[in-house]
Each structure stands twice: as structure tokens, then as C-alpha cells.
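Chains, contacts and geometry: an overview
Single-letter residue listing:
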Amino acid sequence: AQSVAQPEDQVNVAEGNPLTVKCTYSVSGNPYLFWYVQYPNRGLQFLLKYITGDNLVKGSYGFEAEFNKSQTSFHLKKPSALVSDSALYFCAVRDGFKTIFGAGTRLFVKA
Amino acid sequence: NAGVTQTPKFRILKIGQSMTLQCTQDMNHNYMYWYRQDPGMGLKLIYYSVGAGITDKGEVPNGYNVSRSTTEDFPLRLELAAPSQTSVYFCASSPLYSTDTQYFGPGTRLTVL
């Protein structure tokens, strides 16, 4: 069965510093990987996805993610964090008709 | 397009009451999903549908029922509400292909007392 793991419950970073939110995956076949963001009292919003091709995927709000097949990782990154990036981030993998979500990582960006 | 809409936004139920959470999407998506999100937790899939008339159980279906009579609507029914069903419920939809993203509604916050 497909699965993703987010090893960090929380990530703290200062505004202007680079940020990384980690995700590892376990899949059989080609991995279809996603990152979603959830702001307080809102539904999840799509950030970016990896289907095939370039290992560096660019998404919304300046976020990008690096697909690493040998390390089975799909870490979310941003070169310079903003306070407004503070939110809950979910890594996810597509499993047929369904999407399997990680437990989420809360990002705090301090001014 | 309104996207995915959910009603109500908030609801308080007494133990044993029943209710229906409404979900509608106007994007002509084939797939629709119901998730619950408990405090500090990720999303758990309750039920999903791959098209009108076709539904299937997800990870945590007990205590819930669904129907899908149209492409647009995917209501979730709670029978005999229990405190364990206190949660935030999200409806989502996606187009046909497995590479497609999901689009989420704003959620329904349900408390069972």
C-alpha cells in the first residue's frame, strides 16, 4: 500500500530564512506525490505535485519540492520564509482513486 | 465557479441525533470524497465516490452513510451521533485521472455533546 510519512510535527523558522518540510514515501509503481497547505479554519489547498520528469517541482507561493528517488523523499522547500507561510502542510500520495495524506507538519515562521 | 461548497459550517448535535452534511461541486468532477480531521491530526477518508451511483468505504466508514445520485452532490449522513464523531469534516473532489489534484471545501465543524 502507498504511504507517506512526515517525520516532524512542527518546524520553526525565522522570517527570511530558508525552510524545509520533510516527507518520505513508500509506493509500488510510479509515485504521484503532492503537497497541500491548510490555513486556520480552511480546507486544504493544492501547492504542487510530482508526476514525472524534472525532480525539482515548482508550485504556488514560491514553494518548490525536490523528488529524490534514491532517498524516497519529497521535501518541500522555500528559499525565504514569510510569516504568512505559517500553516499546516500535508504531504500526500495518490493511491488509485484515493489520496493518502501524511499526518501534517505545522510550520511556524517567526518575524 | 464556486468550487466545492459545504453546508452547514458549524453544527452542534446531541448524542443519538442524526444529520446530513451537504457537499456540492460545480466542476463536473467524477471523484468525490469525505474526510474527517480530528484536532492535531491528519485526514482520514470516510467514503469516496468515483461517479454517480458508485460509492465505496474509506478508512473510517462506521457510523456514516453516503449516496451519490448526481455528479454534483455527495451528502454524508450521520446516524445516531456519538461524541467520537466530533470532528471537522471536509468534502473534496477531483477530475478523472489519478494524477489530478483534489479540491477541498471549507469544512463543517461538528460537535456532538
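This write-up is about the structure you can find in this document. These numbers come from a predicted model, not from an experiment.

Taken residue by residue, the interface counts 21 residues in chain A and 22 residues in chain B. Interface of chain A and chain B: buried area, both sides summed, is about 1700 Å²; carbon and sulfur atoms make up 57% of it. Here chain A and chain B share zero salt bridges between them. Linking chain A with chain B are five residue pairs in polar contact (both at pLDDT 80 or more). Broken down by secondary-structure element, the contributors of at least two residues to the side of chain A that touches chain B are strand 5 (33-38), strand 6 (44-50), strand 10 (87-95) and strand 11 (98-101) of chain A. Looking at the side of chain A that touches chain B, its residues break down into 11 nonpolar, six polar and four charged.

Looking now at the nonpolar core. In this structure, W35, L47, L48, F74, L76 and Y89 of chain A are the most contacted members of the largest nonpolar core, which totals 27 residues. For this core, the secondary-structure elements that each account for two or more residues are strand 2 (10-14), strand 3 (19-21), strand 5, strand 6, strand 8 (64-68), strand 9 (73-78), strand 10 and strand 12 (105-110) of chain A. Among the elements that make up this core, the one with the highest residue count is strand 10 of chain A (four residues). Filtering out sequence-adjacent residues up to four positions away, L48 of chain A remains in contact with L33, F34, W35, V57, K58, G59, F63, E64, A65, F74 and L76 of chain A. With 19 residues, the next largest nonpolar core counts C23, I46, Y47 and L76 of chain B among its residues.

Looking now at the pattern of salt bridges. Residues and elements named next belong to chain B. A complete count under the given rule lists six salt bridges over all chains for this structure. Between D38 and R36 there is a salt bridge; the shortest N-O distance is 2.9 Å. The salt bridge involving R77 is made with E79; its shortest N-O contact spans 3.1 Å. Look at E79 and you get partly exposed, because its relative accessible area is 36%.

All right, on to the side chain of T101 of chain B then. Of note, T101 of chain B is situated in the loop between strand 9 (87-94) and strand 10 (103-104). Note on T101 of chain B: relative accessible area 7%, which makes it buried. For T101 of chain B, the residues in contact, after removing those within four places along its chain, are F34, Y36, F46 and K49 of chain A together with S93, S94 and P95 of chain B.

Let's shift gears to the layout of surface pockets. Space inside the largest pocket adds up to approximately 490 Å³. If you go around the largest pocket, you meet 24 residues; those closest to its centre are Q38 and N41 of chain A together with Q37, V88 and R109 of chain B. Sorting the residues of the lining of the largest pocket by element identifies strand 9 and strand 11 (108-112) of chain B as the ones contributing at least two each. With four residues, the top contributor of residues to the lining of the largest pocket is strand 11 of chain B. Residues belonging to the lining of the largest pocket are distributed by class as follows: 10 nonpolar, nine polar and five charged. One number sums up the size of the second largest pocket: a volume of about 320 Å³.

The rules behind each value
- Residues numbered from 1 in each chain as written.
- Chains lettered and ligands numbered in written order.
- Predicted model: local features only at pLDDT ≥ 70, side-chain atom pairs only at ≥ 80, totals over all residues.
- Heavy atoms only, no water.
- Contact = heavy atoms within 4.5 Å.
- Buried area = accessible area lost by both parts, 1.4 Å probe.
- Salt bridge = Lys/Arg side-chain N within 4 Å of Asp/Glu carboxyl O.
- Polar contact = N/O pair within 3.5 Å; in protein donor to acceptor, adjacent residues only side chain to side chain.
- Helix = DSSP H or I, 4+ residues; strand = E, 2+ residues; numbered from the N terminus.
- Nonpolar A, V, L, I, M, F, W, Y, C, P; charged D, E, K, R; others polar.
- Core = buried A, V, L, I, M, F, W, Y, C linked by side-chain atoms within 4.5 Å.
- Buried < 20%, exposed > 50% of the residue type's maximum accessible area, 1.4 Å probe, protein only.
- 1 Å grid on protein atoms, 1.4 Å probe; cavity = no way out; pocket = protein on both sides within 12 Å on 5 of 7 lines; lining within 4 Å.
- Points joined across faces, edges and corners; volume = space filled by probe spheres on them.

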